[in-house]
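For reference, the chains in residue letters:
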Amino acid sequence: VITAINKAYKGKLDKDDEIDLLSLSSEINISLGHGEEASKNLEALLQRDPFNARALLSLARYYSYLDPADSVSDIEFKTMKGRYEQTAIIYFERAQDLEGDEDIVVMSRVRAYIGEAQLRVKRRELKEAADLLANAQTIQYQENIETYLDQIRQALKNRRG
């Protein structure tokens, strides 16, 4: 459908519609396993619209879950995985820094804090994760996030002693 829309309306869509269509197309490609193509499209979209919350979060999630090829050595795997995770953190942080009071911006900031916190937990960086979740809670309190935060704080206490 998106391909048909692109062909039928090529050159006729305004900038916002083109950006929305590219973003939607990229999200679909990621969900279909065509992440590399989608990430290139999303990065191109951010060149045109660097504050696009949807693109920032999509790229952050993509890099959070991206694994290197199985054919690489263990050392290369860890290095590449670390690079992907750092890239995800950069996109999460860009989304956290978005300004505005619109619902989409506020929700994107909250999702960015939560997404980065989940990645930090995966990396066993519990203190950083707790701080990120606390930031998310100051923007929009959510009971399930408070429960998650309590679990992380308990794990930190157990780790200390």
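Structural data are supplied above this passage.
Residues numbered from 1 in each chain as written. Predicted model: local features only at pLDDT ≥ 70, side-chain atom pairs only at ≥ 80, totals over all residues. Heavy atoms only, no water.

## Some thoughts on unusual backbone geometry
Spelled out, the test is: Each helix is a run of H or I in the DSSP string that is no shorter than four residues. Each strand is a run of E no shorter than two, and both are numbered from the N terminus. Residue burial is assigned from relative accessible area. The probe radius is 1.4 Å, only protein chains are included, and a residue is buried under 20% of its type maximum, exposed over 50%, and partly exposed in between.
A positive phi angle, near 65°, is found at Arg124, a position not held by glycine. Inspection of the secondary structure assignment puts Arg124 in the loop between helix H6 (103-122) and helix H7 (126-139). Residue Arg124 is classed as exposed on the basis of its relative accessible area of 63%.

## Digging into the nonpolar core
The condition that has to hold: Put simply, a nonpolar core is a bunch of buried Ala, Val, Leu, Ile, Met, Phe, Trp, Tyr and Cys residues held in one set by side-chain atoms that sit within 4.5 Å of each other. Working rule for contacts: check all heavy atoms of both residues, and any pair within 4.5 Å makes them a contact.
Ranked by internal contacts, the top residues of the largest apolar core, which has 23 residues, are Tyr63, Tyr91 and Phe92. Listed by contribution, the elements that provide at least two residues to this core are helix H3 (35-48), helix H4 (53-65), helix H5 (74-96) and H6. Among the elements that line this core, the one with the most residues is H4, at eight residues. Ignoring any residue separated from it by four or fewer positions in sequence, one finds Phe92 in contact with Leu57, Ala60, Arg61, Ser64, Ala112, Gly115, Glu116 and Leu119. Residues Tyr113, Leu126, Ala129 and Leu156 belong to the second largest nonpolar core, which totals 14 residues.

## Observations concerning the environment of Phe51
Here Phe51 shows up in the loop between H3 and H4. Judged by relative accessible area, which is 65%, Phe51 ranks as exposed. C-alpha separation for the pair Phe51 and Val105, spaced 54 residues apart in sequence, amounts to 9.6 Å.

## Observations concerning the pattern of salt bridges
Opposite charge on two side chains permits them to pair, given that their charged atoms come into close proximity. Put simply, the rule is: When a carboxyl oxygen of Asp or Glu lies within 4 Å of a side-chain nitrogen of Lys or Arg, that pair is called a salt bridge.
For the structure on display, the rule yields seven salt bridges. Close ionic contact of Lys40 with Glu36 constitutes a salt bridge, the shortest N to O distance being 3.7 Å. Residue Lys40 and its partner Glu36 are located together in helix H3, separated by four residues, close to a single helical turn. Here Glu36 falls in the exposed class, since its relative accessible area comes to 54%. The partner of Asp131 in a salt bridge is Lys127, and the shortest N-O contact between them spans 2.9 Å. One end of the pair is Asp131 and the other is Lys127, both in helix H7 and four residues apart, which spans about a single turn. Given the relative accessible area of 38%, Asp131 is considered partly exposed. Classification of Lys127 by relative accessible area gives partly exposed; the value is 46%. Each of Glu85, Glu116, Arg120, Arg123 and Glu125 takes part in one network of salt bridges that share partners.

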